[in-house]
Each structure stands twice: as structure tokens, then as C-alpha cells.
Amino acid sequence: MLSVCRSVLCCVLLMFCLPAFTATSVESLADPRANGGSRVANPDSLLSPATVAQIDAELAEIERATGVQVAVVALGSVAGDDVFGFAQSVFERWGIGRKGHDDGALILLALAQRTVRIHTGYGLEGVLPDVVCQRITRELMLPALREGRYDDGMLAGVQALRRLLLSGVEAGQSVAAGARPALRVVELMPRTEPEAWLTLRWFLAAGLVIAGIIWQLRYRPGEPAGGPGLMRLQDLPKPLHAAVFTGLPLLMIVALDRLHPPGLPWLALSGVYLFYLGAALLRARALRQRLDAMFERSEHANIARVLNDERGFWGLMAAIFPLPLGQNRFAPEVLARGYRFAPRACPHCAQPGMKRLSEAEEDAFLSRIEQIEESLGAVEYDVWLCGTCGGHSGVAFAQPDAFHSRCPDCQGMTRELVNDEVRYAATATSGGSGVRHYRCRACNKRTRETYSLARLASDSTSSSFSSSSSSSSFSSDSASSSSSSDSGWGGGSSGGGGSSSSW
Ligand SMILES: [Zn+2]
Ligand SMILES: [Zn+2]
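What counts and what doesn't
Residues numbered from 1 in each chain as written. Chains lettered and ligands numbered in written order. Predicted model: local features only at pLDDT ≥ 70, side-chain atom pairs only at ≥ 80, totals over all residues. Heavy atoms only, no water. Bend = angle between axes of the 7 residues up to and from the residue. Helix = DSSP H or I, 4+ residues; strand = E, 2+ residues; numbered from the N terminus. Buried < 20%, exposed > 50% of the residue type's maximum accessible area, 1.4 Å probe, protein only. Core = buried A, V, L, I, M, F, W, Y, C linked by side-chain atoms within 4.5 Å. Phe/Tyr/Trp six-rings, centres within 6.5 Å; stacked < 30°, edge-to-face > 60°. Lys NZ or Arg CZ within 6 Å of the ring centre and 35° of its normal. Polar contact = N/O pair within 3.5 Å; in protein donor to acceptor, adjacent residues only side chain to side chain. Contact = heavy atoms within 4.5 Å. Donors = N, O, S within 2.8 Å, 3.2 Å for Na, K, Ca; no water. Tetrahedral: all angles 85-135°; square planar, octahedral: opposite > 155°, others 65-115°.

1. Re helix α4 (residues 130–146)
At L140, α4 shows its largest bend, some 35 degrees, and a proline, P143, comes one to four positions later. Turning to α4, its buried residues are V132, C133, I136, T137, L140, M141, L142, A144 and L145. Among the residues trailing α4, G148 stands out with phi positive, at a value near 80 degrees.

Below is the structure:
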């Protein structure tokens with residue numbers, strides 16, 4: 001009863017397992033090419049006759065073009081379960097590859113061992129290093145073999161070898177000389193880039209190009225950049241600057257995407273990213289040098305104005321390049337504070353060690369209007385006192401503020417907007433106008449200014465106005481076929497190179 005159960009179990013197991021093949025020993029494996037026959041040994045008929053014929057044709061082409069001999073052995077099972085040892089023994093016994101060149105390869109499928117191996121001769125280890133064999137077996141052959149499609153699996157391996165070896169010949173290289181094939185193994189791999197990545201890639205590329213355009217818009221040629229060498233990029237004429245900073249990266253992205261080298265678009269994108277990062281760092285350095293020079297000339301208010309002007313640009317750069325430009329020390333506000341409170345020499349006696357006065361102390365040095373400006377927050381004043389000569393110097397920092405403007409009477413930044421009335425609203429057919437009423441907090445002078453409103457766009461309800469008073473804007477021997485024609489293998493030997501993959 002027990003034995004019946006066991007045999008039933010065995011039968012059931014066998015149904016789900018591989019069919020039982022008798023193990024083939026090296027000695028019992030007949031060399032199909034011994035008499036000028038096929039390069040494929042297929043004693044268990046794992047491969048269809050059509051596949052054997054196709055593989056034979058491809059292997060013959062490889063040998064004709066490169067001299068490299070490749071044998072294919074498909075077995076149900078190898079004796080001793082040692083696939084590597086079996087491959088090495090067959091290699092030596094048959095002598096695959098030309099004598100002296102040792103440029104042979106053996107593709108061995110051992111079904112019961114669930115293993116496929118590419119075994120290479122000494123002379124092929126440069127062209128087909130183990131890692132390449134590994135990728136071919138694992139990524140190109142195993143998927144089909146695992147599903148029982150032995151024809152497809154073995155053909156995929158043979159075709160990969162053919163493409164790799166022939167690419168070297170097309171590039172004029174000698175396979176036997178150990179030259180690398182012109183084709184890289186990744187180019188044989190199926191492209192499995194997910195759609196989302198492609199989209200993200202284009203999104204990033206578009207972002208970089210927009211960054212380049214903004215970069216371009218901010219570029220003002222002729223600004224003293226200061227510094228030698230690469231800093232001179234700042235002095236390029238505008239069209240050349242546009243070509244370098246926008247055209248070049250754009251061209252790179254488009255060209256590489258059209259050429260479709262797998263993996264390379266990401267590399268190119270990284271390159272463009274690093275290019276802009278490098279340019280941004282150079283620009284940051286040039287800016288620092290320019291500001292340092294201004295500091296030397298005691299143009300403290302100018303430093304604040306330039307940094308305020310650069311805030312938007314560097315905010316964008318910090319967002320695109322969080323490392324390192326997101327760091328605090330690159331922020332214009334931090335830089336402005338640094339320059340504002342940096343110790344300085346006296347402009348009168350050139351001695352170092354001036355002291356910055358407190359708000360209460362500095363009032364003695366400020367006029368009434370200046371004090372009102374400071375109390376309104378329209379202008380910030382610093383007064384520095386020299387301990388050596390007793391001289392002082394003041395710095396005025398105008399605060400960007402839409403609420404205060406310069407009084408035409410007393411010239412203080414003390415004029416406040418009291419009322420803004422629209423007299424005629426703009427319509428789709430005609431523009432409108434309005435009046436702004438001001439009062440000066442220093443001299444009490446009342447002023448008013450009219451402004452016009454732009455005609456409404458027909459498809460929009462939002463009104464954009466342009467002010468008449470405002471003026472600010474933001475701005476071989478390879479092909480020599482083997483002498484050992486088709487009468488058999490050439491007598492090459494293997495050092496055991498290659499790689500197996502199992503499933
Ligand atoms: Zn002094
Ligand atoms: Zn006034």
C-alpha cells in the first residue's frame with residue numbers, strides 16, 4: 001500500500017518536474033562537427049531542427065567574419081551534475097577555437113541542472129568577459145528557458161554573441177587581439193524604461209531649459225565680473241552667452257534622445273545639470289568678488305541694492321540646486337547682512353576698528369527727515385564711528401516698499417500713499433484712469449498723481465494697469481577566416497572563462 005502511494009506520488013511529481021533524461025557524459029557526447037557537420041549538439045532533441053539550422057547558420061557567419069568558433073550543446077542532463085566541469089571537458093576534448101588564438105566559445109544548456117553556461121576560451125576573455133556572459137545568460141537567455149522555450153533561449157544567446165562579435169569587425173577591430181566589441185552589452189538588453197521615467201526625464205529636461213532661459217534673461221553683459229579665467233564667461237557677448245548657456249545643453253538633450261543610447265539620456269541630463277551647477281557656482285563666485293570690490297570702495301548701499309536685485313535669481317538657483325546652493329551662506333539676505341555688519345576701516349583715516357552705533361546712539365548723527373524715514377521703515381540707516389579720528393560715516397539702505405516714495409518737496413522717502421481712487425474704470429473698449437493721493441510724513445506736503453488703466457482684454461476680467469508715474473521695471477586578422485575550414489574544430493583551449501546562470 002505504501003509503495004503504491006509512493007509510486008503515485010512519484011508520478012505526480014514527475015508530471016510537474018522535467019522529463020527524465022539520461023545523463024550524458026563527456027565521453028558519450030558525440031562531436032557533431034567531427035565530420036564537418038553541425039556546430040550544434042542536440043542529442044536529446046531539445047531544440048527543433050529549424051532552430052538547429054538557424055543557429056548553425058549564425059555560428060558559421062561568426063566564424064567566417066571573425067574566425068571565432070562557437071559550439072552549442074543542449075542536453076537534458078549532464079553526468080555528475082557539474083556543468084562547469086562538463087563544459088571545460090567538452091571544450092578541451094573538442095578543441096573549440098583556433099589553435100594559438102584560443103578564440104572559441106561553448107554555449108551549454110543542461111536542463112536537469114537548470115543551468116545555461118557560456119564557456120569561453122582564453123582568447124575571447126577580453127571580448128566576452130565573464131560579466132558580459134553573465135548578463136547574456138541571465139537577462140537574455142534565462143527568461144525564455146525558464147518558460148520551457150529552449151529554442152528562443154538558445155537563439156537569443158547565439159544572436160547576442162553574433163552581434164557582439166560582429167560589431168567589433170564592423171568597427172575594424174580584431175576580435176582575436178582581445179579588442180572590445182564596438183557594441184556594449186547593455187545595447188543588447190531589451191529597453192525596459194518605464195513610461196513614467198521617460199515623462200519625468202522630459203519634465204526635468206524642460207525644467208533645465210527654462211532655467212537656462214531665465215539665466216539668459218538675467219544676463220547683463222559688460223557687468224564687471226572681476227576675476228580671471230572662467231569668470232570671463234560673464235563678459236561674453238550676449239548671443240555667444242546664449243549659445244553656451246542655453247543652446248548647448250538643449251542641443252545635447254535633443255541629440256542624445258534622438259540617438260537613443262540606452263541609459264545615456266540620464267547621463268546627459270546629469271551632465272547638463274552639473275554644467276549649470278558649475279556655471280551657477282562660478283557666477284556666485286564672480287558675484288562675491290564683485291561685492292568684495294564694492295565693499296573695498298565703501299559702496300555699502302550698492303551692495304544691498306545688488307543683492308536685493310539678485311534675490312529672485314538665487315532663490316530659483318537654490319530650488320534647482322539644493323546642494324549646495326540651498327545652503328544659507330548662498331542666500332542674498334545672509335550675504336547682505338554679512339556685508340552690512342562686517343568690520344570696516346575708517347574712510348577718513350583708514351584705520352580699522354570702526355564701531356556701528358545703536359539705534360539710539362545714531363540719532364545724534366541723523367537729520368530729522370532721516371529719523372522719520374527710519375521710523376517709517378522706508379530707509380534703514382547705519383552710522384559707523386571711528387575710534388581713532390572720531391569721524392563717522394553713514395550708510396542708507398533703502399527698503400523696498402511700495403508704500404513710501406520720495407517727497408518732491410523735502411526729498412525724504414517719507415511720502416505715504418493715502419488714497420488710490422479709480423476715476424474711470426477700464427472697459428473692453430477703452431482704458432480708464434485713477435488718482436493716487438499722497439501725504440509727506442516729514443513736511444506734510446500733499447501731492448497727487450494720475451495714472452491710466454489699460455484697456456481690458458476681451459477674454460479676461462483681470463485688469464492690468466500701467467502707472468504713468470512709475471518707472472521701475474524688472475527687469476585584424478579578424479576577417480581572415482580560420483584555416484581549419486569546416487572539417488572540424490580548430491583545437492583551441494579554454495581557461496574556464498565565461499559564466500553560467502541557473503533558474
Ligand atoms: Zn578715522
Ligand atoms: Zn516732504
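2. What about the nonpolar core?
In terms of nonpolar packing, the biggest core is built from 37 residues, with I55, I107, I136 and M154 touching the most fellow members. Of all the secondary structure elements, the ones that give two or more residues to this core are α2 (49–66), β2 (69–75), β3 (104–110), β4 (115–120), α4 and α5 (150–170). Here this core takes eight residues from α5, the largest share from any one element.

3. Some words on unusual backbone geometry
With glycine set apart, most residues show a phi of negative sign, and most peptide bonds adopt trans. With an omega of 0 degrees, the peptide bond between L323 and P324 qualifies as cis. Note on placement: P324 falls in helix α10 (residues 322–325). With phi around 55 degrees, S45 is a residue other than glycine that occupies positive phi space. Relative to the assigned elements, S45 resides in the loop between β1 (40–41) and α2. The class for S45 is exposed, based on a relative accessible area of 58%. A positive phi is found at Q411, a non-glycine position, where the angle reads about 65 degrees. Structurally, the position occupied by Q411 is in the loop between β8 (404–405) and β9 (415–424).

4. Some thoughts on the packing of aromatic side chains
What the rule picks out here adds up to two aromatic pairs. With 6.0 Å between their ring centres and 45 degrees between their planes, F295 and Y339 make a pair best called tilted. Placement of F295 in helix α8 (residues 264–296) and of Y339 in helix α11 (residues 332–341) is noted, with a sequence separation of 44 residues between them. Here F295 falls in the buried class, since its relative accessible area comes to 16%. The ring of F313 has R283 lying over it, and the distance from NZ or CZ to the ring centre is 4.2 Å. Positioned over the ring face of W384 is R344, at 4.0 Å from the centre of the ring.

5. A word on the side chain of S77
Looking at where S77 falls in the secondary structure, it is placed in the loop between β2 and α3 (83–94). For S77, a relative accessible area of 7% translates into the label buried. Polar side-chain contacts of S77 include one of 3.3 Å to the side chain of Q113. Leave out the neighbours within four places in its chain, and S77 touches F21, T22, A23, T24, D44, A112 and Q113.

6. Points about the coordination of the zinc ion (ligand 1)
The protein atoms donating to the zinc ion (ligand 1) are C346 (SG), C349 (SG), C386 (SG) and C389 (SG), with metal-donor distances spanning 2.2 to 2.3 Å. If you look at the zinc ion (ligand 1), its four donor atoms make angles of 103 to 115 degrees with each other, and the shape they trace is tetrahedral. Sequence spacing of the donors to the zinc ion (ligand 1): C-x2-C-x36-C-x2-C. Taken together, the positions of C346 in the loop between α11 and β5 (354–356) and C386 in strand β6 (residues 379–386) put the pair 40 residues apart, joining distant regions of the chain. Of the residues examined, C346 reaches a relative accessible area of 3% and is grouped as buried. Look at C386 and you get buried, because its relative accessible area is 4%.

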